[in-house]
Amino acid sequence: MKAPVFNQDLDGFCQKYMFSDRIISLADRGMLPAQARQLLHGLFEQLLIFDTVAFKVTGENVGLALLIGQIGLKGFERLLDENALKFVLWQQTVMSLVEPAVGIQPLCIGMMNSPAHSDPEASIELGLKFLQDKIPTSRLKKLVPKIIPHYISQPDNLAKDAVDLTNSAYMSGRLVDAGIPSEGRSLEDIPKQYFDKLLKCANEMLEYKLLVRMKWSSTSSFKFHNIFSESVRRLTTASSVSSGFRYLSSINNIPNFSVLFENIEAPLEAVPRIRAKRSSERFRQWIATGDGESPEELTRRYIEAIGGSKGFFERGLGKFTKSLAMTGVGAGVGALIEAGLPATAAGALAGKALEPLADIGLDLLDAYLLDGLLTGWTPRMFFADIKSEIKSINRK
């Protein structure tokens, strides 16, 4: 999809598990392997079917270390060059009182001003310190400036909007289903037992407001967003695309990405190579045209696309080009295609096929013509390339 898909899962995982000074409960510690697999599966899928993934970053960008460790430095830089990665520095935040205070509402906004939270360069440098395989200093000096342009700041007043929305929802009784009844109480009189749920709601609204403001999508489930009147179509779009894509994989006899991930070596290392294929680029363009459609609609459009495709040589201008090719004449083909010349002009050019020009040959049929136009591109070609990639990986 052309609009970036927002990923807060990588940051959430890093905040929970990657800092040695933070206490991890026994339950969370036991869930670490499963949480890591789920995270990497999601990254694998998002990077293959969306043009750009925008990652939430709280302070030190520890996610950089994880991405580089899984994808490899060369592949990571390749994704940067493709504009496939963005990082949202999370400076505005929502906080709550620990204890009730007379006449004070529990929710408030805050700004995190440490270098890691406010300066992209510091965020990057501190995050890269978590790499297990350290990058040489000379390479590091080039890498940091390369990542900085991919950082994005939160829009202004995002935290204020999140607090206002949450407070409004509470006062109108729309948080009852979230386990926060108002029972006629004012904001200042909310019992302490609801502070934690109220804070979770407000922080989710902070992420939700970012998506609305930036017109991004998300594959995550937002528990509280349906209590507000703003359109949530974009929040369901990415999930629908992911679900539809999994079904298209099944009818093309390709394992879903979770299974594929488990059965190939270093799957995330393969992502930049797969993304760079022309079929992958065109598939992402094709799937983006169905913004908001259901998995069923996506599947119907896919069937129509692979059933209705006609190769370039089957169309009018293509038949003429084929005639030139069969006589060993390729001169002017590229110009003819780009100009879209009418039949009369094409006929005039065809006359030149009879002229004994030694410097004219099939090699002049340029890459633009040969890339997809000769065969008629369809979304199925992407899955054919995935199958080829699987065979290539498994032979190693």
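Scroll up to find the structure this text is about.
Let me sum up the structure you'll find in this document. (Residues numbered from 1 in each chain as written. Predicted model: local features only at pLDDT ≥ 70, side-chain atom pairs only at ≥ 80, totals over all residues. Heavy atoms only, no water.)

As for its position among the elements, Val 144 is in helix 7 (residues 137-147). Taking the relative accessible area as the measure of exposure, Val 144 reaches 5% and is therefore buried. Along the chain, Val 144 and Ser 123 lie 21 residues apart, while their C-alpha atoms are 9.9 Å from each other. The residues touching Val 144, leaving out its near neighbours within four places in the chain, are Glu 121, Ile 124, Glu 125 and Leu 128. (Helix = DSSP H or I, 4+ residues; strand = E, 2+ residues; numbered from the N terminus. Buried < 20%, exposed > 50% of the residue type's maximum accessible area, 1.4 Å probe, protein only. Contact = heavy atoms within 4.5 Å.)

What follows deals with the sheet that holds strand 3 (residues 85-89). For sheets, the rule is that strands pair by backbone hydrogen bonds, running either parallel or antiparallel. Spatial strand order, 6-3-2-1-7: five strands in an open sheet with parallel pairing. The open sheet has two edge strands, strand 6 (151-153) and strand 7 (217-218), and neither has a second partner. Here strand 1 (residues 5-7) pairs with strand 7 via two bridges, running parallel. Following the sheet pairing, Val 5 is matched in strand 7 by Ser 217. (Pairing = 2+ DSSP bridges.)

In this section: the pattern of salt bridges. Under the definition given, this model contains 13 salt bridges. Between Asp 28 and Lys 16 there is a salt bridge, with its nearest N and O atoms 3.7 Å apart. Of this pair, Asp 28 sits in helix 2 (residues 26-49) while Lys 16 sits in helix 1 (residues 9-17), and the two are twelve residues apart along the sequence. We classify Asp 28 as partly exposed; its relative accessible area is 27%. Members of the salt-bridge network, linked through shared partners, are Glu 77, Asp 81, Arg 139 and Lys 146. (Salt bridge = Lys/Arg side-chain N within 4 Å of Asp/Glu carboxyl O.)

Turning our attention to the packing of helix 2 against helix 3 (residues 62-71). Running from amino to carboxyl end, helix 2 crosses helix 3 at an angle of 75°, the nearest separation of the two axes being 12 Å. Relative to helix 3, the element helix 2 is oriented roughly perpendicular. Of the residues in helix 3, those in contact with Leu 39, Leu 40, Leu 43 and Leu 47 of helix 2 are Leu 66, Leu 67, Gln 70 and Ile 71. Considering only residue class, the contact of helix 2 with helix 3 consists of seven nonpolar, one polar and no charged. (Axes fitted to C-alpha atoms, helices over the stretch in contact; angles between N-to-C directions. Parallel < 35°, antiparallel > 145°, perpendicular 65-115°, else oblique. Nonpolar A, V, L, I, M, F, W, Y, C, P; charged D, E, K, R; others polar.)

Here we come to empty space enclosed by the protein. All chains considered together, the criterion is met by two cavities of 30 Å³ or more. Taken as a whole, the largest cavity encloses approximately 60 Å³ of empty space. Lining the largest cavity are 13 residues, with Asp 11, Lys 56, Val 57, Asn 61 and Gly 63 positioned closest to its centre. Secondary structure elements with two or more residues in the lining of the largest cavity: helix 1, strand 2 (53-57) and helix 3. Element by element, the count of residues in the lining of the largest cavity is highest for helix 1, at four residues. In terms of residue class, the lining of the largest cavity is built from six nonpolar, four polar and three charged. (1 Å grid on protein atoms, 1.4 Å probe; cavity = no way out; pocket = protein on both sides within 12 Å on 5 of 7 lines; lining within 4 Å. Points joined across faces, edges and corners; volume = space filled by probe spheres on them.)

Glancing now at the side chain of Glu 77. Note that Glu 77 resides in helix 4 (residues 73-81). The exposure class of Glu 77 is buried, given its relative accessible area of 14%. Leaving out residues up to four positions away in the same chain, Glu 77 has contacts with Arg 139, Leu 143 and Lys 146.

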